[in-house]
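Overview (structure and organization)
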Amino acid sequence: MDNQIAVTQSSMPPIEEYMEEIKDLWDSHWLTNAGVKHNSLEEELKKYLDTSNVTLFTNGHSALEGAIQAFELKGEVITTPFTFASTTHAIVRNNLKPVFCDIQLDDYTVDSSKIEDLITDKTSAIIPVHVYGNICNFKEIEKIAKKHDLKVIYDAAHAFGIAVNGLNVANLGDASMFSFHATKVFNTIEGGALCFKDVNLKEKLDSIKNFGITGPESVSYVGGNAKMNEFQAAMGICNLRYVNAEISKRKQVFERYMENLEGVDGIKLNIPKSGVKSNYSYFPMLFEDYKLNRDEISELLKRNGINARKYFYPLTNNFECYQGVFDVEKTPVAKYIAERVLTLPLYADLDLNDVDRICEIIISGSLNE
Ligand SMILES: *Cc1c(COP(=O)(O)O)cnc(C)c1O
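Residues numbered from 1 in each chain as written. Predicted model: local features only at pLDDT ≥ 70, side-chain atom pairs only at ≥ 80, totals over all residues. Heavy atoms only, no water.

Filter applied, for reference: UniProt positions are given in the numbering used here, feature names are shortened, and annotations may be inferred rather than shown by experiment.
An unreviewed UniProt entry lists the protein under the name dTDP-4-amino-4,6-dideoxygalactose transaminase, from Methanococcus maripaludis. Its UniProt record gives the protein the following Sequence similarities (unreviewed entry) comment, quoted word for word: "Belongs to the DegT/DnrJ/EryC1 family."

Points about the sheet that holds strand S1 (residues 54-57)
Strands in a sheet are paired, the pairing made by backbone hydrogen bonds, and the direction either parallel or antiparallel. Quick reminder of the rule: By definition, two strands form a pair when at least two bridges between them are found by DSSP. Only DSSP runs of H or I covering at least 4 residues are called helices, and only runs of E covering at least 2 are called strands; the numbering of each starts at the N terminus. Whenever a helix is involved, its axis is fitted only over the stretch in contact; in every case the axis is a line through C-alpha atoms, and angles between N-to-C directions fall within 0 to 180 degrees. Two residues form a contact once any of their heavy atoms are found within 4.5 Å.
Within the open sheet, the seven strands sit side by side as S1-S9-S8-S5-S4-S2-S3. Their pairing is mixed. Unpaired on one side and paired on the other, S1 and strand S3 (97-100) mark the two borders of the sheet. Adjacent strand axes in the sheet meet at a mean angle of 25° when their direction is disregarded. Helix H5 (residues 138-148) rests against strand S4 (123-127) and strand S5 (151-155) of the sheet, and its axis sits at about 150° to S5.

Notes on the packing of helix H8 (residues 294-303) against helix H10 (residues 352-364)
Using the following cut-off: Should an angle fall under 35 degrees it is taken as roughly parallel, and over 145 as roughly antiparallel, whereas 65 to 115 is taken as roughly perpendicular and any remaining angle as oblique. Throughout, a crossing is termed right-handed when the near helix is turned clockwise from the far one, and left-handed when it is turned anticlockwise from it by less than a right angle.
With their axes 10 Å apart at the nearest point, H8 and H10 run at an angle of 135° to one another. Compared by their axis directions, H8 and H10 come out oblique. For H8 against H10, the interelement crossing comes out right-handed. Listed contacts from H10 to Ile297, Leu300 and Leu301 of H8 are Ile358, Ile361 and Ile362.

Section: the layout of surface pockets
Going by this rule: Each cavity reported here is a set of points on a 1 Å grid over the protein atoms alone in which a 1.4 Å probe fits but cannot get out, each pocket an open set with protein on both sides within 12 Å along at least five of seven lines, and each lining residue one with an atom within 4 Å of a point. Grid points are joined across faces, edges and corners, and a volume is the space filled by probe spheres set on the points.
Estimates place the volume of the largest pocket at around 560 Å³. His181, Thr183, Lys184, Tyr282 and Tyr311 are, among the 35 residues lining the largest pocket, the residues nearest its centre. For the lining of the largest pocket, the elements supplying multiple residues, two or more each, are helix H3 (60-70), helix H4 (85-93), strand S8 (175-179) and strand S15 (341-344). With three residues, H4 is the largest single contributor of residues to the lining of the largest pocket.

Quick notes on the domain arrangement of the protein
It is common to report an interface's size as the accessible area lost on association of the parts. What counts, and what does not: Boundaries of every domain are those given by an automatic assignment or by a domain database. By definition, the buried area sums, over both parts, the 1.4 Å-probe accessible area that each loses when the two are put together. Salt bridges are identified by distance alone: a Lys or Arg side-chain nitrogen within 4 Å of an Asp or Glu carboxyl oxygen. Whenever a nitrogen or oxygen atom comes within 3.5 Å of another N or O atom, the pair is scored as a polar contact, on the condition that within protein one atom can donate a hydrogen and the other can accept it, and that pairs from neighbouring residues in sequence are kept only if both atoms are in side chains. Under the scheme applied, nonpolar residues are Ala, Val, Leu, Ile, Met, Phe, Trp, Tyr, Cys and Pro; charged residues are Asp, Glu, Lys and Arg; polar residues are all the others, including Gly.
We note that the domain assignment places domain 1 (15-240) and domain 2 (243-362) within the protein. The distance between the C-alpha centroids of domain 1 and domain 2 comes to 25 Å. Interface of domain 1 and domain 2: buried area, both sides summed, is about 3,100 Å²; carbon and sulfur atoms make up 60% of it. Considering only the side of domain 1, the residues that lose the most area to domain 2 are Tyr108, Tyr132 and Val185, jointly responsible for 22% of the buried surface there. Summed over the shared surface of domain 1 and domain 2, the result is two salt bridges. Among the ionic pairs, lysine 273 bridges to aspartate 107, the shortest N-O distance being 3.1 Å. Where domain 1 meets domain 2, there are 18 residue pairs in polar contact (both at pLDDT 80 or more). At four residues, the largest contribution of residues to the side of domain 1 that touches domain 2 is made by H4. A class-by-class count of the residues in the side of domain 1 that touches domain 2 yields 22 nonpolar, 11 polar and five charged.

In structure tokens form, the structure reads like this:
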């Protein structure tokens, strides 16, 4: 059997370049707490994301929790169950109640036409997810939020570098969370950032990630510890130099999948919408009326050394830790998608011949070989 193909592979800069970047740290002995690398990465990201306010975190999840704390959300938060554990857990861990809105059949983002029915006098925010880099119906969401005086925090973990008609998604909502985890399009090993609209929030967010400390003798918030360290930031500075090249290579892989799989009966692909500059982060596909179902395809690929992922399955409102708390039947579209979706391996250096091989296995798809 050929070598295993993972669902993803972390991008890394040339080792000499990283060594050069971290050399300074042996001179300064400044390893964390808003160091030179940290501050310089914040500046670089403002430019790259074409946005005004950025604060870095040790990971994306803490950035999301930091935003929830900074906005002092109360009561209920409308969100999606078709996401990574982080989105739902961030809400629950802040003693808020997630209220799950169903998703759209075509792009798996929150169905904005169903949000208003879920709003009560306890609702304080909407936390939608740009899932697989598909951008939420942000104009509708903004309208609803304005009308009902709700905050909007986007989980933009999948959406690094994406722009809609020239507008970078970092500028949507009151805040947007990005993840720089090793598996994401742009990584700082572990890491994340929050982009936010109100410049006055900078001090508060910076202090929330550092125990709520606001001065040598003052602690103003019950903050945690979620600071990005200098080694993470140095990785980010290096990786950012290559991210456009990485995205171009991902695009080639993505397009090769499309060429192979477009028009195959019974499967549905996820095509970027017009006007969207994509980052080609994932290749999800739906097995709707195919000769094999999703689980059979997943098994078949595994037998051939290919690790596709049931991403996202199970839905977060069906997690073991939430049994008896939420009802998956209330989000039937999300349930339908979660049972049929599979994301194929996709990373910059994935060999196009491997892409062809993966597609051949799917197309010839027989379990009894
Ligand atoms: C990766 C991810 C997160 C969490 O980010 P971390 O940096 O791993 O903490 C949150 N939401 C979604 C949708 C993600 O994919």
